[in-house]
Amino acid sequence: MERGKGHGRGMSPRRWRPGTRRYASAILAVMAVAALLTGCAALGAQAPQAGQRPDAGSGGDAAGGAKTTKGASEVAGVSLAADRERYRPGEAITLTVRNDSGAEIQLTGGLGGLKAWRVDGGQRRPWEHGMMETGALVPVPAGQSIQLGPIPAPEEPGEYVLEVHFYHQGGGPAAASVTVRVAP
């Protein structure tokens, strides 16, 4: 009987060729990325159109009697609030994201991808808050809230729109905003 490839005793199981493991690892990595993107797509569907922004709302009383400024959101039940309406330049601003939407949301980073603008005569000028942002998504379960910051108030007095970004179930990337005033 002729001993050929894969026949007989003493033959080891079929060995992988040198590049096969790398190829298999690459396939698994592509599948993992595809699964991650599919999961993110399930959380979000449509990005806001250019120029679209929520308008700021009015202030209200928070638990404990402290005056807060509540803002607007593109998603019903998700709100952004500042701990006060007015700040002195450089003073600490603490923001609270409240999720009463009925499903978990995920903030885009430790500061919710915070973006800010100075409102000047109806025009919006970007304001760089200078805080470090993480790339990890931060979950906020339904019925809960999370505090962001503190961040320093702008040095230049005026009205500022602060906006955080998040993903929500059944929708796309969305934003919630609040307007604060900075005065000496």
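Notes on the structure follow.

All right, on to the overall build of the chain then. A tally of helices and strands in the chain yields one helix and 13 strands. Listing every helix and strand of the chain by position from the N terminus yields α-β-β-β-β-β-β-β-β-β-β-β-β-β. Relative to its 184 residues, the chain shows a buried fraction of 30%. For the chain, the share of sequence-separated contacts (at least 6 apart) that also reach a separation of at least 24 residues comes to 64%. For the chain, the exposed surface amounts to about 11,500 Å²; the carbon and sulfur share of it is 54%.

Consecutive side chains along a regular strand alternate between the two faces of the sheet. Pairing analysis gives five bridges linking strand 4 (residues 78–82) to strand 6 (residues 92–99), with the strands arranged antiparallel. Paired with Ser-79 across the strands is Arg-98, a residue of strand 6. In the sheet, strand 6 pairs with strand 11 (residues 144–152) via seven bridges, with the strands oriented antiparallel. The partner of Thr-96 across the bridge, within strand 11, is Gln-147.

Across residues other than glycine, the phi torsion is negative in most instances, and most of the peptide bonds are trans. Cis geometry is found at the peptide bond from Gly-149 to Pro-150, where omega equals 10 degrees. Relative to the assigned elements, Pro-150 resides in strand 11.

What counts, and where the lines are drawn
- Residues numbered from 1 in each chain as written.
- Predicted model: local features only at pLDDT ≥ 70, side-chain atom pairs only at ≥ 80, totals over all residues.
- Heavy atoms only, no water.
- Helix = DSSP H or I, 4+ residues; strand = E, 2+ residues; numbered from the N terminus.
- Buried < 20%, exposed > 50% of the residue type's maximum accessible area, 1.4 Å probe, protein only.
- Contact = heavy atoms within 4.5 Å.
- Areas by Shrake-Rupley, 256 points an atom, 1.4 Å probe, with all protein chains shown as cover.
- Pairing = 2+ DSSP bridges.

Such coordinate-based values are descriptive only and should not be taken to indicate function.
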